[in-house]
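Examining the three-dimensional arrangement
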Amino acid sequence: MTPLLRQLFDHTSSTFTYILGSNGEALIIDPVKENISQYLQLLAELNLSLKMVLDTHVHADHITGAGLLQKETGCEVGSSKESSACCGSFIFSDQEVLALGNTSIQCLFTPGHTDDSYCFYVTNPGWLFTGDTLFIRGTGRTDFQNGSAADLYDSLHNKILILPDQTTVFPGHDYKGMTSSSIAEEKNHNPRALIQEKNDFIHHMNNLKLADPKMMDVAVPANLKLGL
Ligand code: FE2
């Protein structure tokens, strides 16, 4: 049976949070701390019990709700093998498959935006939660938190854009009002995915000259402790 999916938007940080439900169990991807009560109410209304929370990476632009959700519900919190965040209840690694009800979620290690970035791939029906690795017609930046344009190029071309064309892409952020895309769309229309030469991609990413995120100094240290 197709899992349930809800996409929630945090206006302050333009972050998407995803609730997946299958057979009475729920997973929340990239929760925002300030919005916990909204998630808990929605889970109750949908008759879902929160099994686990995953963050795609240690965020610099908002504080994760993972720790608070764990306190409130006793859910599990996954931390990647590569993450320096403490206090998770289990560790996941590249290619590992997590179970949620009748649904399988494959963890794909996709460093580049940060050195601990993951995408989560729900093979059936073909949903990819890309965090800040791939945005709709863009990508996350690579200029802090041990980011690497070379790694992002490899993650995009060797792990993400090789997935089936019809895979739906659900990004970690959108700043232009878009909500989802597909691998085919991004292969054909994403300006960064269209840069074929790795050196050109690295040069492009290393010359963006972006300001630091406003919350970075607060968010990163908090997120290393599940936002608590
Ligand atoms: Fe990020």
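Structure report, in brief.

Coordination of the iron ion by the protein comes from His57 (NE2), His113 (NE2) and Asp132 (OD), over a distance range of 2.1 to 2.3 Å. Look at where the donors of the iron ion fall in the sequence and you get H-x55-H-x18-D. On the criterion of sequence distance, the pair formed by histidine 57 in the loop between strand E4 (49–54) and helix H2 (66–73) and histidine 113 in the loop between strand E8 (103–109) and strand E9 (118–122) is long-range, its members being 56 residues apart. Considered together, histidine 57 and histidine 113 belong to a single accessibility category, that of buried residues.

A few words now on the nonpolar core. With 21 residues, the main nonpolar core has Leu20, Leu27, Phe92, Phe120 and Phe129 as its most contacted residues. Among the secondary structure elements, those contributing two or more residues to this core are strand E2 (15–22), strand E3 (25–29), E4, strand E6 (90–92), strand E7 (97–100), E8, E9 and strand E10 (127–131). Apart from the residues within four sequence positions on either side, leucine 27 is in contact with Tyr18, Ile19, Leu20, Leu50, Met52, Val53, Leu54, Leu100 and Ile105. Leu128, Leu161, Leu163 and Val169 belong to the second largest nonpolar core, which has 18 residues in total.

Further remarks concern the environment of valine 77. Tracing the sequence through the fold places valine 77 in strand E5 (residues 76–80). For valine 77, a relative accessible area of 2% puts it in the buried group. Placed 119 residues apart in sequence, valine 77 and glutamine 196 show a C-alpha to C-alpha distance of 37 Å. Not counting the four nearest positions on each side in its chain, valine 77 is found in contact with Val53, Ala66, Gln70, Gly88, Ser89, Phe90 and Leu226.

Right, let's talk about the sheet that holds E3 for a bit. In sheet architecture, strand pairing relies on hydrogen bonds along the backbone and comes in two forms, parallel and antiparallel. If you trace the six strands from one edge of the open sheet to the other, you get E1-E2-E3-E4-E5-E6, paired in mixed fashion. Edge positions in the open sheet fall to strand E1 (4–10) and E6, since each of these has one partner strand only. Here the average twist between neighbouring strands, direction ignored, is 25 degrees. Packed onto the sheet, H2 meets E3, E4 and E5 and runs at close to 155 degrees relative to E4.

Tallying each qualifying case throughout the model produces one disulfide. Here cysteine 75 stays unpaired: no disulfide links it, and the sulfur of cysteine 87, its closest cysteine neighbor, is 13 Å away. Relative accessible area serves as the criterion here: at 3%, cysteine 75 is assigned to the buried category. Here cysteine 107 is not disulfide-linked; the sulfur of cysteine 119 is the nearest cysteine sulfur, at 11 Å.

Reading guide: rules and limits
Residues numbered from 1 in each chain as written. Predicted model: local features only at pLDDT ≥ 70, side-chain atom pairs only at ≥ 80, totals over all residues. Heavy atoms only, no water. Donors = N, O, S within 2.8 Å, 3.2 Å for Na, K, Ca; no water. Helix = DSSP H or I, 4+ residues; strand = E, 2+ residues; numbered from the N terminus. Buried < 20%, exposed > 50% of the residue type's maximum accessible area, 1.4 Å probe, protein only. Core = buried A, V, L, I, M, F, W, Y, C linked by side-chain atoms within 4.5 Å. Contact = heavy atoms within 4.5 Å. Pairing = 2+ DSSP bridges. Axes fitted to C-alpha atoms, helices over the stretch in contact; angles between N-to-C directions. Disulfide = S-S within 2.5 Å.

So, to be careful, I would describe these as geometric facts and stop short of saying anything about function.
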